[in-house]
Amino acid sequence: MEDKIEKLNSYDWKVSDLFIEDKIEALNKMFQNHGGYFYVVERKALRDTLLSIIKGKRSLVYTNIRVEYEDLVKKLELETIIKLENGSVTDAKKELFDVDVGILEPDAIAAESGSIVLFDFDGTKSFVAFLPEIFIAVAEESTIFDTVPEAIGNMIKKYGKMPATIQIVNGPSRTGDIENKIVRPSHGPKDAYLLLVK
């Protein structure tokens, strides 16, 4: 085990050399290094995990999630739940600026850098990922790729075209522009969560 940890702490390894459990461990380490929170969650515990993250919040926006997650999100006891679909960003803009939590299912995840990759064709994923105070990505193991270029290449094959934007999220934003001190967040969500569902 110490050899594995030592290898992960060095930067001279390739993710493709690792098994899925090791990729998850690398993803966890890298995402947390960027200031995000990473959890491996059993499917049956997903609701409780979401409730613990959103405790005390009133509103939520979501997009691009599978039906089983959508059913779960709709049952979260919040005052406002907004579903963004293709073309609905313009209609919901006013409400989006006050929303507390954004949830989506990422297109891909890059283990090597701890990155969430979003292929955004119409702006909905960008709004969900960057406007709320808390951003939650709910992912499956099948979305884990070794690197960002591999993830993007696979998504281009999947969709057959390039999106309007490709967003790469590594955790809450940060800046060192203010008195040369790292400040988090500099804009966007205060907290970023990556939930890997088993």
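This text goes with the structure placed above it.
Note that this is a predicted model, so its numbers are computed, not measured. Once a new chain begins, its residue numbering starts again from 1 and follows that chain's sequence as written. Local features are withheld for residues below a pLDDT of 70 in this predicted model, meaning they are given only at 70 or higher, and side-chain atom pairs are given and counted only at 80 or more; totals for whole chains, interfaces and linings count all residues. Side-chain metrics rest on all non-hydrogen atoms present in the structure, leaving aside hydrogens and water.

Asker: Is there a simple way to think about helix α4 (residues 67–74) in this case?
Answerer: Side chains of residues three or four places apart in an α-helix project in the same direction, reflecting 3.6 residues per turn. Taken together, the buried positions of α4 are Y69, E70, L72 and V73. What you see down the axis of α4 is that its buried residues fit within an arc of 160 degrees, all on one side. Away from its buried face, by an angle of more than 90 degrees, α4 presents the exposed residues V67 and K74. Contacts made by the buried residues of α4 are with α3 (46–54), β2 (59–63), β3 (80–83), β4 (101–104), β7 (134–140) and β12 (191–197). Residue exposure (1.4 Å probe, protein chains only): buried if accessible area is under 20% of the type maximum, exposed if over 50%, otherwise partly exposed. Helix and strand labels come from DSSP, where a helix needs a run of H or I of at least four residues and a strand needs a run of E of at least two; each type is numbered from the N terminus. The directions from the helix axis to the C-beta atoms form the arc being described. Should any heavy atoms of two residues lie within 4.5 Å, those residues are considered in contact.

Asker: Honestly, the sheet that holds β12 in this entry has me stumped. Any pointers?
Answerer: Working definition: the strands of a sheet are paired by backbone hydrogen bonds and lie parallel or antiparallel to each other. The rule for pairing is simple: two strands pair if DSSP sees at least two bridges between them. What the six strands build is an open sheet, ordered β1-β12-β7-β4-β2-β3; its pairing is parallel. In this open sheet, the two strands that pair with only one neighbour each are β1 (37–41) and β3. Neighbour-to-neighbour, the strand axes of the sheet open up by a mean angle of 20 degrees, direction not taken into account. The pairing of β1 with β12 spans five bridges and is parallel. Paired with Y37 across the two strands is Y193, which belongs to β12. Axis definition: a line fitted to C-alpha atoms, limited for helices to the stretch in contact. Angles are taken between N-to-C directions and run from 0 to 180 degrees.

Asker: What is the right way to read the side chain of D120 from this model?
Answerer: Checked against the element boundaries, D120 lands in strand β6 (residues 115–120). Here Asp and Glu are counted as negative and Lys and Arg as positive; His is not counted, and neither are the chain ends. Criterion for a salt bridge: a side-chain nitrogen of Lys or Arg within 4 Å of a carboxyl oxygen of Asp or Glu. The side chain of D120 is buried and forms no salt bridge, while K125, the nearest opposite charge, is found at 6.2 Å. A polar contact of 2.8 Å, which involves the side chain of D120, links it to the backbone nitrogen of G123. Think of a polar contact as two N or O atoms within 3.5 Å of one another; within protein, one of them needs to be a possible hydrogen donor and the other a possible acceptor, and neighboring residues in sequence only count if both atoms come from side chains. Separated by 3.4 Å, the side chain of D120 and the backbone nitrogen of T124 make a polar contact. For D120, the residues in contact, after removing those within four places along its chain, are K125, S126, P163, A164 and T165.

Asker: What is the right way to read the side chain of E105 from this model?
Answerer: Tracing the backbone shows E105 in the loop between β4 and β5 (108–110). For E105, a relative accessible area of 7% puts it in the buried group. Looking at E105, its side chain comes within polar contact range of the side chain of R66, at 2.5 Å. If we skip the residues at most four places from it in the chain, E105 touches T63, N64, I65, R66, Y69, V138 and E140.

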